[in-house]
Amino acid sequence: MALQHAGGRPHISLGYSYASASSDPLNGELRNKVLPRRATLLVDRVHLLDVAWTFDETLGGWRMAWEPVAEFPLGR
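What counts as what
Sequence order as written defines residue numbering, which begins from 1 separately in each chain. Where totals are concerned, whole chains, interfaces and linings use all residues; where local detail is concerned, this predicted model gives features only for residues with pLDDT of at least 70, and gives and counts side-chain atom pairs only at 80 or more. Calculated side-chain values reflect all of the structure's heavy atoms, with hydrogen atoms and water omitted. Under the pairing criterion, centres of Phe, Tyr and Trp rings, with the six-membered ring standing for Trp, must be within 6.5 Å; the plane angle then separates stacked pairs below 30 degrees from edge-to-face pairs above 60, leaving the rest tilted. Helix numbering and strand numbering both begin at the N terminus, where a helix is a DSSP run of H or I of at least 4 residues and a strand a DSSP run of E of at least 2. Burial status follows relative accessibility: with a 1.4 Å probe on protein chains alone, a residue under 20% of its type maximum counts as buried, one over 50% as exposed, and anything between as partly exposed. Whether two residues are in contact is decided by their heavy atoms: any pair within 4.5 Å suffices. Patch membership requires over 30% relative accessible area and the absence of a salt bridge. Like charges are linked within 9 Å, and nonpolar side chains (Val, Leu, Ile, Met, Phe, Trp, Tyr) within 5 Å. Here, Shrake-Rupley sampling with a 1.4 Å probe gives the accessible areas, and only protein chains in the shown set may cover a residue. Salt bridges are defined as contacts in which a side-chain nitrogen from Lys or Arg sits within 4 Å of a carboxyl oxygen from Asp or Glu.

> Can you walk me through the packing of aromatic side chains in this structure?
Describing an aromatic ring pair means giving the distance of the ring centres and the angle of the ring planes. Per the counting criterion, the structure on display carries 1 aromatic pair. On the numbers, 5.5 Å between centres and 80 degrees between planes, the contact of Phe55 with Trp62 is edge-to-face.

> Mind showing me how you'd approach the environment of Glu67 here?
With respect to the helices and strands, Glu67 occurs in strand β2 (residues 61–73). Relative accessible area serves as the criterion here: at 54%, Glu67 is assigned to the exposed category. With 19 residues separating them along the chain, Glu67 and Leu48 place their C-alpha atoms 8.8 Å apart. What Glu67 contacts, discounting residues up to four positions off in sequence, is Leu48, Leu49 and Asp50.

> Help me out: how do you make sense of a nonpolar patch on the surface in this one?
There is a patch of nonpolar side chains on the surface, built from Leu41, Val43, Val46, Leu48, Val69, Phe72 and Leu74 and spanning about 630 Å² of accessible area. Those elements giving two or more residues to the nonpolar patch turn out to be β1 (45–56) and β2. One can find Leu41 in the loop between α1 (24–33) and β1.

Shown next, in the form of structure tokens:
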């Protein structure tokens, strides 16, 4: 569980995919160029999503879909 993670760099997901692709080039760039001591993250809103996983026979695997539930603007 993420809440019990004790170590390593903090992380967030940039996106999700249901097809096959290599994330090595992007991950390498992020690891080498963005370090916590010089990365600023501004969060001005939070989106609450209803996420569902369904098995897709045509893909031969799982597909993730989501519906927006609410958006919460955050103050400064």
